[in-house]
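Fold and contact review
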Amino acid sequence: KEEVGADITVGDLKWVAEIFFPWGDKPCHQICLYYEIHLTSNSRIPLEGSFVGAEKLEGRNFQIEFYWVPIEKLDEIEVYPTQAASLIKNLQSGVQHFVYREK
């Protein structure tokens, strides 16, 4: 709900990710938990095309445009973390762990 303002229900844990990236001159290590989610009937997110969400970072507000992409088209676009494109095709494989290092 944070970025897109959607009403959701949270399902099973799918991925545990360790993401390493620079934040200015500081090295960062982020641990992310990814869950399967479902939009509720109250959600106002369109199910086709694009929609705009919001992000607040360091006291500034940003608008972010989101696009729905069919799973079979994930190999045709850049997805971050890069493992997501292959992992999303195996969601029924239980909880998976991966490490992503931003270059």
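Scope of this entry: the structure provided in the associated data block. (Residues numbered from 1 in each chain as written. Predicted model: local features only at pLDDT ≥ 70, side-chain atom pairs only at ≥ 80, totals over all residues. Heavy atoms only, no water.)

1. Observations concerning a nonpolar patch on the surface
A surface patch of nonpolar side chains, amounting to about 860 Å² of accessible area, comprises Ile8, Val10, Ile31, Leu33, Tyr35, Ile37, Leu39, Leu47 and Trp68. Mapped onto the nonpolar patch, the elements with two or more residues apiece are strand S1 (8–23) and strand S2 (26–39). Considering each element in turn, the nonpolar patch owes the most residues, five residues, to S2. Checked against the element boundaries, Val10 lands in strand S1. A relative accessible area of 56% places Val10 in the exposed class. (Patch = residues over 30% accessible without salt bridge, like charges linked within 9 Å, V, L, I, M, F, W, Y side chains within 5 Å. Areas by Shrake-Rupley, 256 points an atom, 1.4 Å probe, with all protein chains shown as cover. Salt bridge = Lys/Arg side-chain N within 4 Å of Asp/Glu carboxyl O. Helix = DSSP H or I, 4+ residues; strand = E, 2+ residues; numbered from the N terminus. Buried < 20%, exposed > 50% of the residue type's maximum accessible area, 1.4 Å probe, protein only.)

2. Quick word on the sheet that holds S1
Spatial ordering of the open sheet is given by S2-S1-S5, a layout of three strands whose pairing is mixed. Looking at strand neighbours, the two that pair on one side only are S2 and strand S5 (96–101), the edges of this open sheet. The sheet shows a mean angle of 25 degrees between the axes of neighbouring strands, taken without regard to direction. As paired elements, S1 and S5 share six bridges and run parallel to each other. Bridge pairing links Ile19 to Tyr100 in S5. (Pairing = 2+ DSSP bridges. Axes fitted to C-alpha atoms, helices over the stretch in contact; angles between N-to-C directions.)

3. Here's the deal with unusual backbone geometry
Following Tyr80, the chain continues into Pro81 via a peptide bond in cis, with omega recorded as -5 degrees. Positionally, Pro81 belongs in the loop between strand S4 (60–67) and helix H1 (84–87). A positive phi is found at Glu58, a non-glycine position, where the angle reads about 50 degrees. With relative accessibility at 62%, the residue Glu58 sits in the exposed group.

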